[in-house]
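A look at the structure
So you can see what is in the structure, the chains are spelled out below.
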Amino acid sequence: MRLEEFTNGEFYHIYNRGVDRQTMFREREDYLVFLGYLYQFNSSQSIKTSRHSRTTLVSIISYCLIPNHFHLAMRQEQDGGISKYLHKIGMRYAKYFNAKYGRKGRFFENAFQAKHISSDAYLEHIPRYIHLNALDLTAHDWRNGSVRNWNDALAHLEQYPWSSHHAYSTRSQAIPIIEMRIVKEMFPTPKEYISFLKQWSQAEISTLSLSDLLVTT
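Keep in mind that this is a model prediction, so the values were computed, not measured.

Notes on the overall build of the chain
Each helix and strand in the chain was counted, giving seven helices and four strands. The proportion of buried residues among the 217 residues of the chain is 50%. In the chain, of all internal contacts separated by at least 6 residues, the share reaching a separation of at least 24 is 71%. Per element, the accessible surface of the chain, about 10700 Å² overall, is 48% carbon and sulfur.

Encoded structure:
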């Protein structure tokens, strides 16, 4: 478990990948198990506690699972909440994956990485950065603001099931992972979110340094 302290009420960008860049999610079931853990372990109480009476460790505002890594953005709600939450998920998922695929040894490359989301501008940008990571699985050059076919790129995001893009674009969640009250404060309507998403995918953002957001994965 990480020793550094996170501050209650502050937002953080969390990311990690498999050791030696190995695939973390091989099958549909693996993604579903990890998403289940994102919801299940976000509580300081028994996992049998009703969702309506849960005391959450963190508030998750966006996520994206890629075959060999994941991104999360969250706000800490309780002392030690982020470390406890990521520790539980990491330990349980590594155990699940190793048992399923008959492997041994370290599963994650390192302890999870974290960046403090230190401004409102950063907070506004991070969900779309996280969601656009799904385009790394395509030929769309979103990282350089050079998406030539936006409709095709958006279609991929809409079809990609392993990110919280859908919670923003349709307000739909199969598993209630995302704290929608925060999402609606940032993007009151899905149309505003889609417009904001398109803006960055097709032109460089000058108001925020890309080095603040980009992660080598």
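Next, the rest of the story.
Some points on the packing of aromatic side chains
Two aromatic rings are characterised by how far apart their centres lie and by the angle between their planes. On inspection of all chains with the given rule, the structure shows 21 aromatic pairs. Aromatic side chains Phe-25 and Tyr-93 sit 5.6 Å apart centroid to centroid with 50 degrees between the ring planes, which places their arrangement in the tilted category. Note that Phe-25 is positioned in the loop between β1 (11-17) and α1 (28-40) and Tyr-93 in helix α2 (residues 81-101), a separation of 68 residues in sequence. When the ring of Phe-70 is compared with that of Phe-108, the centres are 6.3 Å apart and the planes differ by 85 degrees; the resulting orientation is edge-to-face. Taken as a pair, Phe-70 in strand β3 (residues 69-76) and Phe-108 in the loop between α2 and β4 (113-117) lie far apart in primary sequence, 38 residues in all. Accessibility classification places Phe-70 together with Phe-108 in one group, the buried group. Taken together, the ring pairs connect Phe-25, Tyr-31, Phe-34, Phe-70, Tyr-93, Tyr-96, Phe-97, Tyr-101, Phe-107, Phe-108 and Trp-162 into an aromatic cluster. Of note, Arg-26 hangs over the ring of Tyr-101, and the distance from its end group to the ring centre comes to 4.3 Å. In this arrangement the basic side chain of Arg-128 is found over the ring face of Phe-196, its NZ or CZ atom lying 3.4 Å from the centre.

Notes on the sheet that holds strand β2 (residues 58-66)
Here four strands make up an open sheet; going across it, the order is β2-β3-β1-β4 and the pairing antiparallel. Whereas interior strands pair on both sides, the edge strands pair on one side only; in this sheet they are β2 and β4. Each neighbouring strand pair of the sheet contributes to a mean axis angle of 15 degrees, computed without reference to strand direction. On the sheet, α2 packs against β1, β2 and β3 and is oriented at approximately 150 degrees with respect to β3. Against the sheet, helix α3 (residues 120-132) touches β1, β2, β3 and β4, its axis set at about 30 degrees to β2.

So, the side chain of His-125
Mapped onto the elements, His-125 comes out in helix α3. Of note is the side chain of His-125, whose polar atom sits 2.6 Å from the side chain of Arg-128.

Let's talk about α3
Its 13 residues give α3 an end-to-end C-alpha distance of 19 Å, which sits within 8% of 18 Å, the value for a rise of 1.5 Å per residue. Along α3, the sharpest change in direction is near 30 degrees and occurs at Ile-126; proline Pro-127 comes one to four residues later. Where burial is concerned, most of α3 is hidden: 10 out of the 13 residues are buried. Three or more residues of α3 are buried, namely Tyr-122, Leu-123, His-125, Ile-126, Pro-127, Arg-128, Tyr-129, Ile-130, His-131 and Leu-132.

As for the pattern of salt bridges
In total, this model carries seven salt bridges according to the counting rule given. Of the charged contacts in the structure, one is a salt bridge between Arg-17 and Glu-109, with a shortest N-O distance of 2.7 Å. Of this pair, Arg-17 sits in strand β1 while Glu-109 sits in the loop between α2 and β4, and the two are 92 residues apart along the sequence. Taking the relative accessible area as the measure of exposure, Arg-17 reaches 15% and is therefore buried. Judged by its relative accessible area of 21%, Glu-109 falls in the partly exposed class.

About the thresholds
- Residues numbered from 1 in each chain as written.
- Predicted model: local features only at pLDDT ≥ 70, side-chain atom pairs only at ≥ 80, totals over all residues.
- Heavy atoms only, no water.
- Helix = DSSP H or I, 4+ residues; strand = E, 2+ residues; numbered from the N terminus.
- Buried < 20%, exposed > 50% of the residue type's maximum accessible area, 1.4 Å probe, protein only.
- Contact = heavy atoms within 4.5 Å.
- Areas by Shrake-Rupley, 256 points an atom, 1.4 Å probe, with all protein chains shown as cover.
- Phe/Tyr/Trp six-rings, centres within 6.5 Å; stacked < 30°, edge-to-face > 60°.
- Lys NZ or Arg CZ within 6 Å of the ring centre and 35° of its normal.
- Pairing = 2+ DSSP bridges.
- Axes fitted to C-alpha atoms, helices over the stretch in contact; angles between N-to-C directions.
- Polar contact = N/O pair within 3.5 Å; in protein donor to acceptor, adjacent residues only side chain to side chain.
- Expected span 1.5 Å × (residues − 1).
- Bend = angle between axes of the 7 residues up to and from the residue.
- Salt bridge = Lys/Arg side-chain N within 4 Å of Asp/Glu carboxyl O.

These results come straight from atomic positions and should not be treated as a statement about function.
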